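Given next are the chains, with one letter for each unit.
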Amino acid sequence: MLSEQIVVSTLRSPNDPATESTLSIYDLHTYKPVTAFKRSDTAPNGLAVTNSHLYAAQADKAVVNVYSRQKGALESIIPFSEQFTIIEASHNGVFIAGGTENGRLTIWEAASGRFISTGHIHLQRITAIAFDPSDNFILTGSADSNVHVWSVPILTDFRSERKPERILDLHQREITSIVCGKGDGPANISITASRDLSCIVWNYQTGTLLRRFLFSLPPLVLAIDPADRAFYAGFEDGSLQCVDFHGDSLPQPSSSSARSDHKLFVQEGRNVPVTVSGTGKHGGRWASAGHDSAITAIGVMYEGNSVVTGNAKGEVCVWDVATGSLFRHIVQSKGVVTSIKLLRPTGFLSAPTNPTTLQSSIVKPRYDSILSSGPSSAASASGPIPPSTLESYTITTQFVSTLPGTNTSPFLSSTTPPSCSYSAFSTEGDLDLILSGAREMEVGASPSSASSSASAAALGPAGKRRVEELEEELSRMYANYERLAALHKGLWERQATLMMEVEEGRRRKEGSAGINGDRMLE
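*Asks:* Can you break down a nonpolar patch on the surface residue by residue, with the values?
*Replies:* Judged by side-chain polarity, Leu-474, Met-477 and Tyr-478 come together as a nonpolar surface patch covering roughly 340 Å² of accessible area. Here Met-477 is to be found in helix 6 (residues 461-521).

*Asks:* Give a detailed account of the nonpolar core, specifying residues and quantitative values.
*Replies:* Membership of the largest hydrophobic core comes to 20 residues, with the highest contact counts inside it found for Ile-191, Val-201, Phe-213, Phe-215, Leu-222, Phe-231 and Phe-245. When contributions to this core are tallied by element, the ones reaching two or more residues are strand 17 (190-194), strand 18 (198-203), strand 19 (208-214), strand 20 (221-224) and strand 21 (230-234). The residues touching Ile-191, leaving out its near neighbours within four places in the chain, are Ser-177, Ile-178, Val-179, Cys-199, Ile-200, Val-201, Leu-222, Ile-224, Phe-231 and Phe-245.

*Asks:* An account of unusual backbone geometry is needed here, citing residue identities and associated values.
*Replies:* Positive phi values are uncommon outside glycine, yet Arg-39 reaches one of about 60°. Within the secondary structure, Arg-39 is located in the loop between strand 3 (33-37) and strand 4 (42-49). Residue Asn-45 is not a glycine yet carries a positive backbone phi of 60°. Examined against the element boundaries, Asn-45 turns out to sit in strand 4.

*Asks:* Describe the pattern of salt bridges, with residues and values.
*Replies:* Counted under the stated rule, the structure contains 13 salt bridges. The residue Glu-109 makes a salt bridge to Arg-114 at a minimum N-O spacing of 3.2 Å. Judged on exposure class, the residue Glu-109 and its partner Arg-114 are both buried. For Lys-313, the salt bridge identified is with Asp-292, shortest N-O distance 3.0 Å. Within this pair, whereas Lys-313 is found in the loop between strand 26 (306-311) and strand 27 (315-320), its partner Asp-292 is found in the loop between strand 24 (285-286) and strand 25 (295-300), the two being separated by 21 residues in sequence.

*Asks:* Go over the sheet that holds strand 23 (residues 274-275) with me, naming the residues and quoting the values.
*Replies:* The mixed open sheet is built from 5 strands, whose spatial order is 16-17-18-19-23. Edge positions in the sheet fall to strand 16 (175-180) and strand 23, since each of these pairs with one other strand and no more. As judged from the 5 bridges shared by strand 17 and strand 18, these two strands associate in the antiparallel manner. Residue Ala-193 lies in a different strand from strand 18, and its bridge partner there is Cys-199.

*Asks:* Help me get a handle on the environment of Asn-65, residues and values and all.
*Replies:* Locating Asn-65 in the fold gives a position in strand 6 (residues 63-68). Spatially, the C-alpha atom of Asn-65 lies 7.8 Å from that of Glu-75, the residues being 10 residues apart in sequence. Ignoring any residue separated from it by four or fewer positions in sequence, one finds Asn-65 in contact with Arg-39, Ser-40, Leu-54, Tyr-55, Ala-56, Gln-58, Leu-74, Ser-76 and Ile-77. There is a polar contact of 2.7 Å between the side chain of Asn-65 and the backbone oxygen of Arg-39.

*Asks:* Kindly report on the pairing of strand 18, identifying the contributing residues and their values.
*Replies:* Taking burial as the measure, the 6 residues of strand 18 include 6 buried ones, the bulk of the element. Here strand 18 shows a buried face lined by Ser-198, Ile-200 and Trp-202 and a second buried face lined by Cys-199, Val-201 and Asn-203. The antiparallel pairing of strand 17 with strand 18 creates a hairpin that spans 3 residues between the two strands, and Leu-197 there sits at a positive phi of about 70°. In terms of strand pairing, strand 18 meets strand 19 through 6 bridges, oriented antiparallel. Note on strand 19: the bridge partner recorded for Ile-200 is Arg-212. Counting the residues between successive antiparallel strands, the hairpin from strand 18 to strand 19 contains 4 residues, one of them, Gly-207, with a positive phi of roughly 80°.

*Asks:* So what about the sheet that holds strand 26? Which residues, and what values?
*Replies:* Taken together, the 4 strands give an open sheet; going across it, the order is 25-26-27-28, and neighbouring strands pair in antiparallel fashion. Edge strands, defined here as strands with exactly one partner in the open sheet, are strand 25 and strand 28 (325-332). In this sheet, neighbouring strand axes are inclined to one another by 25° on average, regardless of whether the strands run parallel or antiparallel. As paired strands, strand 26 and strand 27 are joined by 5 bridges and run antiparallel to one another. When the sheet's bridge partners are listed, Gly-310 is paired in strand 27 with Val-316.

How each quantity is defined
- Residues numbered from 1 in each chain as written.
- Predicted model: local features only at pLDDT ≥ 70, side-chain atom pairs only at ≥ 80, totals over all residues.
- Heavy atoms only, no water.
- Patch = residues over 30% accessible without salt bridge, like charges linked within 9 Å, V, L, I, M, F, W, Y side chains within 5 Å.
- Areas by Shrake-Rupley, 256 points an atom, 1.4 Å probe, with all protein chains shown as cover.
- Salt bridge = Lys/Arg side-chain N within 4 Å of Asp/Glu carboxyl O.
- Helix = DSSP H or I, 4+ residues; strand = E, 2+ residues; numbered from the N terminus.
- Core = buried A, V, L, I, M, F, W, Y, C linked by side-chain atoms within 4.5 Å.
- Buried < 20%, exposed > 50% of the residue type's maximum accessible area, 1.4 Å probe, protein only.
- Contact = heavy atoms within 4.5 Å.
- Pairing = 2+ DSSP bridges.
- Polar contact = N/O pair within 3.5 Å; in protein donor to acceptor, adjacent residues only side chain to side chain.
- Axes fitted to C-alpha atoms, helices over the stretch in contact; angles between N-to-C directions.

Limitation: the analysis is restricted to geometry and does not speak to function.
See below:
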């Protein structure tokens, strides 16, 4: 059975200093707490999550608390030179990105300690950070109303100039939130929200504006549907807005040639803002009585049928997408919900996209790229680092699955205990076992004959015994199959007979009831 969990961080309310800050994990199916972490005053947007750790930027100091998800406890306290306004983790858990009050973007590689910082590229504080699904791009938004698109490979190269690939500058006021679509192709989208009452959908890899949506209130937080069908915006009055890309939110193209394309990517009317309607289930505002505090965090569950929100009252609520109604409270805290992060679901029978590595321990940041050349390089950290100052880095990680090309067949070694990570239903594992068994049975074949598919290998006594065992096992399997087929046929016939008898009894009962009714009328 699938299990989905959510990480919730709260901060003590400024109106009630007696309240406590919390950092906890809750189960989204039982709605019960799973793990509680201590000693964290997590700042707004100050929570980053990987498959092994939680990173919590503190609200009152330039410190990031690192918690181990396996141990359920505080692992390390990392001091930084500047306090973060927001932090975010890449999808693969390799990089931790942070934004500062003076507009600087930092990248920390937790496996090696490599630490990179840009110059003051943004004119004001960074308010939003988002990695795209491929982790090749990172988007940063600022109070200066601009969104910068960075190439992660170039940004993390010590030899390159740390400048954004492009600047998205069509907003007029502070950027409040950024989300990226779930695709990793060249047409993937990103959505930016601003206090200018608008959200803009971009092709961030080309800098193309696709659509601009106008609201009656400034959108504070954004979340996108798992299949990129819609996005959700949270507002300061506690309400939500769903913008459906396939519904009536976008106008129908007038040209017949453009109607075959997705309405979001049609060039016709691209520069005309779309005013989002205030009515309708999928175009209107979602609201609930008593839920009138500003929404501070938002996320969409894996199946896309529920939206989870956190607000300034300390409430974490679940909304039903089909009806647009609030139907469950998960958390009722006295503090302010600063962040919520939905974790990757577990319990899949086959999940090839699961992480292949686990960062069991982290390496504290090394400031070689900033401090190695003295104050002059620290002042211009956005420039390339001289090769003479580069030092070697060691990456320590743990592999949690079989590496590509690794043979895990138990037939390969008689001295090593079998250690096969393949599933019992894995075709790759079955093929490895068959080929390894065939190689074992080859006796006296020359290299040329072994490599030729036309030549047959001679079988020794062990090989012949193995063939006989396999033939006997195959005969038993055929016999078992025949017995199961006969049993299935008998059960089906009994079930069909029983259903016919029940139907016949129902008809007789209805017939007798009709006759009795006629007699009563007479």
